[in-house]
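So you can see what is in the structure, the chains are spelled out below.
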Amino acid sequence: MKIAIDALAAKSLYHGMGNYVFNIIKHLSRLSLSNHFLVFKRPNLFSEYNLTNVCFKEIKLPLPLRILWEHLCLPSKLKKEEVDLFWGPSNFLPPRKVCLYVVTIHDLSSFTLPETYSYLRRRYYQEIITTSVRLSDFIITDSEASKRDMLTYFNMAKDKIRVIYCGLNEIFFNPPSQESWQVIKNKYHLPEEYLFTLGVLEPKKNTTRLLLAYAQLKNNLSFLPPLVIGGSRRYGWKNSSLFRMVKELCLTDSVIFTDFIEQNDLPLIYANARIFVFPSLYEGFGLPVIEAMACGVPVITSNTSSLPEIAGDAAIFVNPYDVNEISQAIKQVLTNEHLQNELREKGIENAKRFSWKNTASGVLEVLEKVLKQ
């Protein structure tokens, strides 16, 4: 059978959507030799990979034209290529149905937290998700929490949705030697000790309240390490207030924005952090939580959305809307060595639940089930 995959949302092989799509395609190639995969991608992505039974098609268009191509030209392309099934791994399906359709809808934050998006971005995400739900033959989502949201916002049968957890790259279980640390530390201007958080700089990540909690601690905890905030400014939105807030709270010397971090550098950055703090308002999965756990870092995260489900009993949970609760959790972990060790051990065990091979195997089961319908 011929299966087409839209990987155009992938900006990089190792972050966000690129991480998800690349790892699944790599394992699908090994798991399913009887199927042929046609992958639409941006230029310069996947170029170095020669995967069995995978054909990559470059779409050389800037973002606005790419979106138009997906909506207007992709259905005709699928028909011309005689595709049996199309999988949209990033919430999107073409608005005209020409073959069997499977879509992965990662989360419904544009519905549950509309205020964290600009008007046009929110309307676009809501529209493509609504269309995808209507046209899909089957839906994949990343967590039971996201599945519950899907059933709340859309009238559909429970058996039309399957939860398939994201995976975890082996590099996080086997970080590079500490000999590389000095180079990475200099590259991102990191201090000897620090608290760490990671995510695209956008309102959903709740960095504003994390800064307020950190400022609260700064006034009454003399040994508080600096706060390192990793994440791309370029792909974020509504984040200019963060940089003003750092100045207003007199935290310029205590808060470091690294911007984009290369994946090969991430394991050591996680591993050398005192605590990983992830007080996100909403996550369909929350991949940084299990990455940090695999690297042996104590984790503080939110008690909302998918995060308790993904973190299990291996994290300290906080109400992400309560600045004082975030502040007290950081203080609790920093001052309790026994708790730190307990979170490290539980975190490493919890992270072992997740692998990209298992994710790809689950996706393949869904694709083959729909093909047999």
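Residues numbered from 1 in each chain as written. Predicted model: local features only at pLDDT ≥ 70, side-chain atom pairs only at ≥ 80, totals over all residues. Heavy atoms only, no water.

Caption draft 1: Focus on the nonpolar core. Ranked by internal contacts, the top residues of the largest apolar core, which has 68 residues, are Y20, W87, V102, F196, I269, Y270 and F276. At eight residues, the largest contribution of residues to this core is made by helix α14 (residues 356-372). The residues touching V102, leaving out its near neighbours within four places in the chain, are L85, F86, W87, G88, L93, F138, I140, V366, L367 and V370. Core analysis: the second largest hydrophobic core is formed by 31 residues, V255, V277, I300 and I330 among them. (Core = buried A, V, L, I, M, F, W, Y, C linked by side-chain atoms within 4.5 Å. Buried < 20%, exposed > 50% of the residue type's maximum accessible area, 1.4 Å probe, protein only. Helix = DSSP H or I, 4+ residues; strand = E, 2+ residues; numbered from the N terminus. Contact = heavy atoms within 4.5 Å.)

Caption draft 2: Spatial organisation of the environment of D84. For D84, the location among the structural elements is in the loop between α2 (63-80) and β4 (85-88). C-alpha of D84 to C-alpha of I3: the two residues are 81 residues apart in sequence and 6.0 Å apart in space. Beyond its immediate stretch of four places on either side in the chain, D84 contacts M1, K2, C99, L100 and L371. A distance of 2.8 Å separates a polar atom in the side chain of D84 from the backbone nitrogen of K2. (Polar contact = N/O pair within 3.5 Å; in protein donor to acceptor, adjacent residues only side chain to side chain.)

Caption draft 3: Broad picture of the side chain of S32. Tracing the backbone shows S32 in the loop between α1 (16-31) and β2 (36-41). Each residue touching S32, except ones within four places of it in the same chain, is listed here: F37, N53, L364 and E368.

Caption draft 4: Up close: the sheet that holds strand β12 (residues 299-302). Ordered by their spatial adjacency, six strands build an open sheet running β10-β9-β8-β11-β12-β13, and the pairing between neighbours is parallel. Only two strands of the sheet have a single partner each, and these edge strands are β10 (255-259) and β13 (316-318). Each adjacent strand pair in this sheet contributes to an overall mean axis angle of 25°, direction not counted. In this structure, strand β8 (residues 195-198) lies alongside strand β9 (residues 227-230), joined through four bridges in parallel fashion. Residue pairing in the sheet places F196 in a bridge with V228 of β9. Contacts between helix α7 (residues 207-218) and the sheet are confined to β8, β9, β10 and β11 (275-278), with β9 contributing the most and set at about 170° to the helix. (Pairing = 2+ DSSP bridges. Axes fitted to C-alpha atoms, helices over the stretch in contact; angles between N-to-C directions.)

Caption draft 5: Quick look at the pattern of salt bridges. For the structure on display, the rule yields 16 salt bridges. Between E58 and K41 there is a salt bridge; the shortest N-O distance is 3.2 Å. Of the two residues, E58 is situated in strand β3 (residues 54-58) and K41 in strand β2; the sequence distance between them amounts to 17 residues. Relative accessible area serves as the criterion here: at 3%, K41 is assigned to the buried category. (Salt bridge = Lys/Arg side-chain N within 4 Å of Asp/Glu carboxyl O.)

Caption draft 6: Quick look at helix α6 (residues 181-188). Burial in α6 covers these residues: W181, I184, K185 and Y188. Angular distribution of buried residues about the axis of α6 spans 100°; they occupy a single face of the element. Where α6 is buried, its residues meet β10 and α9 (266-271). (Arc of directions from axis to C-beta.)

Caption draft 7: Helix α4 (residues 119-135), seen in detail. Between its first and last C-alpha, α4 extends 24 Å over 17 residues, near the 24 Å set by a 1.5 Å rise per residue. Of all the positions in α4, only R122, Q126, I128, I129, T131, S132, V133 and L135 are classed as buried. Buried residues belonging to α4 abut α2, β5 (100-104), α3 (109-112), β6 (138-141) and α5 (144-153). (Expected span 1.5 Å × (residues − 1).)

Caption draft 8: Representation of the sheet that holds strand β7 (residues 161-163) within the structure. Here we have seven strands laid out as an open sheet, ordered β3-β2-β1-β4-β5-β6-β7, and parallel in their pairing. Among the strands making up the open sheet, the edge pair consists of β3 and β7. Each neighbouring strand pair of the sheet contributes to a mean axis angle of 20°, computed without reference to strand direction. The pairing of β5 with β6 spans three bridges and is classified as parallel. If you follow V103 over to β6, its bridge partner there is I139. Where α2 meets the sheet, its contacts fall on β1 (2-6), β2, β4 and β5, and the angle it forms with β2 comes to roughly 155°.

Caption draft 9: Examining empty space enclosed by the protein more closely. This structure, assessed with the given rule, holds one cavity of 30 Å³ or more. Around the largest cavity, the lining residues are T197, L198, G199, V200, L201, K205, T207, I229, G230, F278 and P279. For the lining of the largest cavity, the per-class residue count stands at six nonpolar, four polar and one charged. (1 Å grid on protein atoms, 1.4 Å probe; cavity = no way out; pocket = protein on both sides within 12 Å on 5 of 7 lines; lining within 4 Å. Points joined across faces, edges and corners; volume = space filled by probe spheres on them. Nonpolar A, V, L, I, M, F, W, Y, C, P; charged D, E, K, R; others polar.)

Caption draft 10: Just the packing of α7 against helix α12 (residues 323-334), in detail. Running from N to C, α7 and α12 point in directions that differ by 60°, and their axes come no closer than 8 Å. By the criterion of interaxial angle, the relationship of α7 to α12 is oblique. Note that α7 runs across α12; the crossing there is right-handed. From α7, R209, L210, L212, A213, Q216 and L217 reach across to α12, where they touch V323, N324, I326, S327, I330 and K331. Class assignment for the residues of the contact of α7 with α12 results in seven nonpolar, three polar and two charged. (Parallel < 35°, antiparallel > 145°, perpendicular 65-115°, else oblique. Left-handed = near helix turned anticlockwise from the far one by under 90°.)

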